[in-house]
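Given next are the chains, with one letter for each unit.
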Amino acid sequence: MSSTEIKQKIGTLVGGSLSAGLEIRLDPEYSVENLYVGDGITIDGREKRYFGIISDMLLQSSDSSLRSFPPSSSDFFVTSILSGTSAFTILKISLQLAVSLDSNFDEFDQLGLDNSSFGPATTVPPHFSPVYRATSKDYTEIFGSEDEHHGWIGTPKGRDEEVKINLDLEQLIKRSNGVFGKTGTGKTFLTRVLLSEIIKKNLGVNLIFDMHRDYSDSVNDESGKKIHSLKQLFPSKVEVMSLGKSFNKGQVRPDAEIMVSYSDLEVQDIEILSETLNLTSAGLLAAHALDRSYGEKWLGIFLNMEPSEDKENINSLSAAAERTGQLYTVLHTLWRRLEILKKFEFLQQNPAEESIKRIFTSLERGKHVILDFGSHQSNETAYILVTSLITRRIYERWAEQDNQLIIAIEEAHKFLNSEVASQTIFGTIAREMRKWKVTLLVVDQRPSGIDAEVLSQLGTKFIHQLEDNRDIDSILAGSSRDLRSVVSTLAPKQQALVIGHALPMPVVIDVRSNDTLTNFINPEKTATEIINIERDNDDLFGEKNE
Amino acid sequence: MPFDFELITEKLQKAVKSIKSDDSLHHERVDKLIDFYKKTDPQTIEQKRNEGNHKWLAAKFLDNNATIYDPKQIPQDYRVIAVDGSHIDVDRHSPIKCVVLNIGTVIFTYGSNPSAILKSSPLTYIGDSELHIFDSNSTSRSPLQGNLMGVKRAVMELSFLADTLENYADGTPTLALIDGSLILWSILGEQEYVIDQLLQGQFLEQLDRIKKLSDKKVILASYLSYPDTSDVTNSLRICLCNEHCSNNNPCKEGCSLVSGIRDRDIFIKYLPDNARSSLFQSTSNVIEKYYTEEYGINFYYLNIFGEIARIELPNWTANNPDLLELSHSLIIDQCNKGLGYPVSVMESHEQAVINTTDRENFKMLLDRLLAQQGINYNTSQKDRSKKYRWV
Amino acid sequence: MKNQNPIAEIIESSTKSLIVQCYELYQAPKLGTLIKTLDDPSIIGIVFNVFTEPLDPSRRPIARGPFKNEPEKLYEDNPHLSLLFRTQAEIFILGHVDQLKTYIYELPLLPAKIHTGISLLDEEEILAFTNTRAFLELLIEGLDIITEEIFSISIRRISGYHNDAEKFLHDTGKDVAGNFHHDQQKLISLLRKLGRGPINE
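Residues numbered from 1 in each chain as written. Chains lettered and ligands numbered in written order. Predicted model: local features only at pLDDT ≥ 70, side-chain atom pairs only at ≥ 80, totals over all residues.

Participant: Honestly, the overall build of chain A in this entry has me stumped. Any pointers?
Facilitator: Helix and strand counts for chain A stand at 21 helices and 23 strands. In chain A, buried positions account for 44% of the 546 residues. A separation threshold of at least 6 residues defines the contact pool for chain A, and within that pool the share at least 24 residues apart is 70%. (Helix = DSSP H or I, 4+ residues; strand = E, 2+ residues; numbered from the N terminus. Buried ≥ 20, exposed ≤ 12 C-beta atoms within 10 Å, placed from the backbone. Contact = placed C-beta atoms within 7 Å.)

Participant: Would you mind showing me how to read the overall build of chain B here?
Facilitator: Within chain B one finds 14 helices and 11 strands. Buried positions account for 35% of the 391 residues belonging to chain B.

Participant: In this structure, what is going on with the interface of chain A and chain C? I would like to understand it.
Facilitator: Where interface size is quoted, it is often the accessible area lost as the parts come together. Of the residues lining the interface, 15 residues belong to chain A; the matching set on chain C comes to 15 residues. If you list the elements that add at least two residues to the side of chain A that touches chain C, you get α1 (65-68) and α2 (76-82) of chain A. Looking at the side of chain A that touches chain C, the element that brings in the most residues is α2 of chain A, giving five residues. In the side of chain A that touches chain C, the residues fall into eight nonpolar, five polar and two charged. (Nonpolar A, V, L, I, M, F, W, Y, C, P; charged D, E, K, R; others polar.)

Participant: What exactly am I supposed to notice about the sheet that holds strand β9 (residues 280-281) of chain B here?
Facilitator: Within a sheet, each strand pairs with its neighbour through backbone hydrogen bonds, oriented either parallel or antiparallel. All names here are of chain B. The strand order β1-β9-β10-β11-β8-β7-β2-β3-β4 describes an open sheet built from nine strands, whose pairing is mixed. Each of the sheet's edge strands pairs with one partner strand only, and the pair in question is β1 (60-61) and β4 (115-126). Summarising the sheet, strand β10 (residues 297-304) and strand β11 (residues 307-314) pair through eight bridges and their orientation is antiparallel. Its bridge partner being in β11, F299 is matched across the sheet by E312. Taken strand by strand, helix α12 (residues 343-352) contacts β2 (78-88), β3 (98-110), β4, β7 (174-179) and β8 (218-225), and its axis lies near 145 degrees from that of β3. (Pairing = 2+ DSSP bridges. Axes fitted to C-alpha atoms, helices over the stretch in contact; angles between N-to-C directions.)

Participant: In this structure, what is going on with the pairing of strand β23 (residues 507-511) of chain A? I would like to understand it.
Facilitator: Each regular strand shows side chains that alternate between the opposite faces of the sheet. Residue and element names in this part refer to chain A. Among the five residues in β23, four count as buried, and that is most of the element. Alignment of strand β8 (residues 150-156) against β23, held across three bridges, turns out to be antiparallel. Opposite G154, over in β23, you have V511 as the bridge partner. Bridge count between strand β22 (residues 495-500) and β23: four bridges; the pairing is antiparallel. For A496, the partnering residue across the bridge sits in β23 and is I509. Hairpin connection between β22 and β23: a loop of six residues separates the two successive antiparallel strands.

Participant: For this particular structure, what's the right way to read the pairing of strand β7 (residues 130-133) of chain A?
Facilitator: Residues and elements named next belong to chain A. Only one face of β7 is buried, namely the one carrying V131 and R133, since none of P130 and Y132 on the opposite face is buried. The pairing of strand β1 (residues 9-17) with β7 spans three bridges and is classified as antiparallel. Looking at the pairing, T12 lines up with P130 of β7. Taken together, the three bridges between strand β3 (residues 40-44) and β7 define a ladder with antiparallel strand orientation. Pairing of T42 across the sheet is with Y132, part of β7.

Participant: Explain the environment of F299 of chain B to me, please; I cannot follow it from the model alone.
Facilitator: Residue and element names in this part refer to chain B. When you line up the elements, F299 lands in strand β10. Overall, F299 belongs to the buried group, with 28 C-beta atoms counted inside 10 Å. Residues within four places of F299 in sequence aside, it is in contact with F280, S282, R310, I311, E312 and L313.

Participant: Honestly, the interface of chain B and chain C in this entry has me stumped. Any pointers?
Facilitator: Facing the 11 residues of chain B at the interface are seven residues of chain C. Counting residues per element, the ones that place at least two in the side of chain B that touches chain C are β3, β4 and α12 of chain B. For the side of chain B that touches chain C, the element with the most residues is β3 of chain B, which contributes four residues. Residues belonging to the side of chain B that touches chain C are distributed by class as follows: seven nonpolar, two polar and two charged.

Participant: Any chance you could explain unusual backbone geometry here in plain terms?
Facilitator: Glycine aside, the phi torsion of most residues is negative, and most peptide linkages are trans. Following D40 of chain C, the chain continues into P41 of chain C via a peptide bond in cis, with omega recorded as 5 degrees. Tracing the backbone through its elements, the reader meets P41 of chain C in the loop between β3 (34-37) and β4 (43-54). Its identity is not glycine, yet L339 of chain B carries a phi of approximately 55 degrees, on the positive side. Along the chain, L339 of chain B falls in the loop between α11 (321-337) and α12. According to the C-beta neighbour criterion, L339 of chain B is exposed, with 12 such atoms within 10 Å. The phi dihedral of T147 of chain C is positive, around 70 degrees, even though this residue is not glycine. Within the fold, T147 of chain C resides in helix α5 (residues 143-159). With 13 C-beta atoms counted inside 10 Å, the residue T147 of chain C sits in the partly exposed group.

Participant: Sorry if this is basic, but what is going on with the packing of helix α2 (residues 42-51) of chain B against helix α6 (residues 231-240) of chain B here?
Facilitator: Relative orientation and spacing of two packed helices are given, respectively, by the angle between their axes and the distance between those axes. Residue and element names in this part refer to chain B. Contact geometry of α2 with α6 gives a least axis separation of 9 Å together with a crossing angle of 80 degrees. Classed by the angle they form, the pair α2 and α6 counts as roughly perpendicular. Where α2 approaches α6, its residues I45, K48 and R49 are matched on the opposing element by S235, I238 and C239. (Parallel < 35°, antiparallel > 145°, perpendicular 65-115°, else oblique.)

Participant: Any chance you could explain the sheet that holds strand β11 (residues 205-210) of chain A here in plain terms?
Facilitator: Residue and element names in this part refer to chain A. As summarised here, the arrangement of the 12 strands in space is β9-β8-β23-β22-β21-β10-β20-β19-β11-β18-β14-β15, forming an open sheet in which the pairing is mixed. Strands at the two margins of the open sheet, each flanked by one partner only, are β9 (165-168) and β15 (256-258). In this sheet, neighbouring strand axes are inclined to one another by 30 degrees on average, regardless of whether the strands run parallel or antiparallel. When strand β10 (residues 177-180) meets strand β20 (residues 438-444), the two strands line up parallel, connected through four bridges. Following the sheet pairing, F180 is matched in β20 by D444. Sitting on the sheet, helix α6 (residues 187-200) is in contact with β8, β10, β11, β14 (238-243), β18 (368-372), β19 (405-409), β20, β21 (460-463), β22 and β23, with an inclination near 155 degrees to β11.

Participant: What am I meant to see in the confidence of the model for chain B here?
Facilitator: Interpretation of this model should avoid reading the predicted coordinates in detail wherever pLDDT is low. Per-residue pLDDT for chain B has a mean of 85; in total, 91% of the residues score no lower than 70. This complex was scored by the predictor with a pTM of 0.65 and an ipTM of 0.75. (pLDDT = per-residue confidence, 0-100.)

Participant: Where do I start with helix α6 (residues 165-177) of chain C in this structure?
Facilitator: In an α-helix, one full turn covers 3.6 residues, which means residues spaced three or four apart are oriented alike. Here α6 of chain C spans 18 Å end to end across 13 residues, near enough to the 18 Å set by a 1.5 Å rise per residue. Of all the positions in α6 of chain C, only F168, L169, T172, G173, V176 and A177 of chain C are classed as buried. Check the buried side of α6 of chain C and you find it contacts α2 of chain A together with α4 (136-141), α5 and α7 (184-194) of chain C. (Expected span 1.5 Å × (residues − 1).)

Participant: Just checking my understanding: could you explain the environment of Q334 of chain B for this structure?
Facilitator: All names here are of chain B. Note that Q334 resides in helix α11. When the C-alpha atoms of Q334 and V345 are compared, they prove to be 8.9 Å apart, with 11 residues separating the residues in sequence. Non-local contacts of Q334, meaning those with residues more than four positions away in its chain, are made with V80, P342, V343 and S344.

Participant: For this particular structure, what's the right way to read helix α4 (residues 136-143) of chain A?
Facilitator: Along α4 of chain A, the positions that sit buried rather than exposed are D138, Y139, E141, I142 and F143 of chain A. G144 of chain A sits one or two positions beyond α4 of chain A and adopts a positive phi of about 70 degrees.

Participant: I'm lost on the packing of α5 of chain C against α7 of chain C in this one. Help?
Facilitator: Residue and element names in this part refer to chain C. At their nearest, the axes of α5 and α7 sit 9 Å apart, and the two run at 35 degrees to each other. The interaxial crossing formed by α5 with α7 has right-handed handedness. Judged by residue contacts, E148, E149, S152, I155 and R156 of α5 engage L190, K193 and L194 from α7. Looking at side-chain class alone, the contact of α5 with α7 contains three nonpolar, one polar and four charged residues. (Left-handed = near helix turned anticlockwise from the far one by under 90°.)

Written out as structure tokens, the structure reads:
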């Protein structure tokens, strides 16, 4: 952080409103090409100092005849004079924070105020207040420094590497949060940073449903550099469990294998799968009827029935139809669609209560659990089914726990769309965040597919580049509508707009590079060595859980 | 009151009509007179003139008749000095009697070192002593106003001309031009002592100064445009007229023929552009009586831009063929530069003229000076009534 | 005291402008040049009009041609002509020198005296006078009087004395732009004139 960084005036406040954005007239000497939407700015009012971000840029001219008869672009002398004077740029600013100035203005910069003296901007600066580009110092004052509750997640877009944006992790995990963006924009990248910070600072315990083996194993980034898995980074704190016996050569041996029994599944779980498995509403009703009729083990029994119309056969579908009062054809369709479940080797008839207990025990002891879906990676049905089931079980049991549990799920719109949000466990968790110390960390590329109410309950949103207008609208619904341009001008990779409770004001960040996620221990050491070192560290500095 | 034009117009119309009808007859008579002039030799005319007891002013014919002289090439370097004057007359009603005479002088040098000087020199005559000509032998005195002021002015013009010529005459051909005539006509009728002082004393003294410069190639001349003179036609008339004619019964061959024809009518008809006529000598009473033979005045006519001008020269210039020749060609050159009129005469006139504003300023100056001394003068009633024109 | 040789004399004087008669016929300070009056306090102005007229307004020149030779010969052949005309220049006032010998970019409180001489500012004086943006104030205000053409010629002349002529022209363009909000096309044509670059003769 250069203390010699001078405050650079870029313009003057000339109009606008708190709700629609302040309007700044850019100074003639300052080139608009040096700024970008999302950049931070400060405004010096008479009694307060204000912070905001550029939300839009407009080109205007003092006389409309310039639009009809502009000077020739080859006439450089004329155009260079007109631009900035008669033809000028207006910046729209989304005002975020304000802080009262001390009576002695000069001492303000030396007071080194921390971010607790900032409050949301409820008023506007007076006309013609000078406007400056936010300095590194400004950012540091607002976003604080890294400590046991604050984690470094990236640098402000376009600033030098020294300015760190630090997230209030405590605030973060108190609520459910979301990481959004088109495919390939770096959601996993950022999620890995969040998770590792939570793990490193022992602020809570994570249950990660790793659909694509992003977190449980190391990956290579685009340049071929190896990015370590969470397990490799924090070997003693993280447990990797695989679903079923999916064990491939060359992989690290999982800490446990998870099996699920049919009787663990409830109708709720089937309902979530209705779209994936193409179940009809009649089919769902039938499922409910089966549940009522056969009890807890209904699914196992149902799947073992014969598709025969022979009513005399108690194991036939027609017998079941009669018993439950459903149509045979409906049951038959349902039966055929659900047959796919028989293929899952992790799904068994016999109760495998231990698996869920195993997970619970680890979490209870403060170990972070990553559920690796292994060979079922791309199987949507498996993912939805297992995630839904396990989440429900764990949630039911988490009531007496003190520790914060963060459940990370991908393809969140499958679990939280309007149709199912009210019925599933995820909807419940999202809505009742404070009740039982369980929150979600949702990762998704289609926020328009998520129930609006759920979106509004998210504490902090990490928004990567989105293209679909519906996605942008739904994610910015509410008070952030003026940040549309910020979202649409994000870089295609590893750049995100972060808004929400974990930050004092929205900011566009270049996400922290994943190869900085070290435990300050040489990752080339063996896992055993690392475990030993970690244990020593814990002994020295005191461990949080256990 | 405004003019009653109706009463005048009728008579004017008649007169204009008669001019037109007279015109063609006029041309015929002029042609006849020219014929006569061309075929009669000067001695015959001279003889008749001397014999006759006519009272007309008739010129002496010096040259071969009707000779036409074309101008020769002008020298590369020459100089012109022209002088003109104008005056503010005495204000009868003012307690301070004064006259302002403004003399304009121009000196133009042409050729290898062209230059020009324009200047005006005011002269004031204040008080009785300066504003009268006094008879030394009696108590008679004549006030310098009206006609006499004009004479005094002519004298001062010639004096300034002489001064300037003395300063500038260096052998470069120098034309000294005066507007009008070298003959002091207006002195006739004045008292003897006036004529004596102004003409024979002052005027001729200046002429003499100029005469002394003639070896320095100084050419004195006067320029009169569109002259009304008839001394040449009068001489022809003498030849043609029989002695028994009278105004009631003019002779056909002489007086009727010549009547109304002026010198310019003859010469315009046969002088080509830029050419001059033969030389004549003026036999005016003023000259015969007062100038004496030493200061005789000769003249010729010149066709300039389709108009006749009369050029008068003192005899010492006219008798010198070089100087006579130079007078002709240099005057032509001056008229070319002045688009029909000698530019030097024009400019000297501009230098001399006292315009209305200046006249008023002068009057205001006088008033202020008088007021400063506490002298408050009232104009006469007549003057006031003219000035204010009240209802 | 440098450059005290007067080249013309004041014949009409007001607090806004001056009319001077040049000592030599046809030898007037060029359009757009800076002049100063040779009295105390010295007044600084810019030449915005040069004209020749007859000394006597009632004597109007008439055509003398067409000429067979060069027209300059006319003045040689008629040497009195040079005495009948006078060349005059109109000066627009931009400021004056106060008692402390500093330039004040405001109109003087009293007009200069008739018959005071004027001379050109030398290079040092020009740089000192135009070293601040303030000198433009009265110049821009007087655009209607001096016209945009003279404005741009004078700025272009002055720019030639500054180290970075292009920057001077550019900065002046920026200052002017602020005064033309209602008429951009006029502004553009004025800026194009400025853009022609410094005048060095």
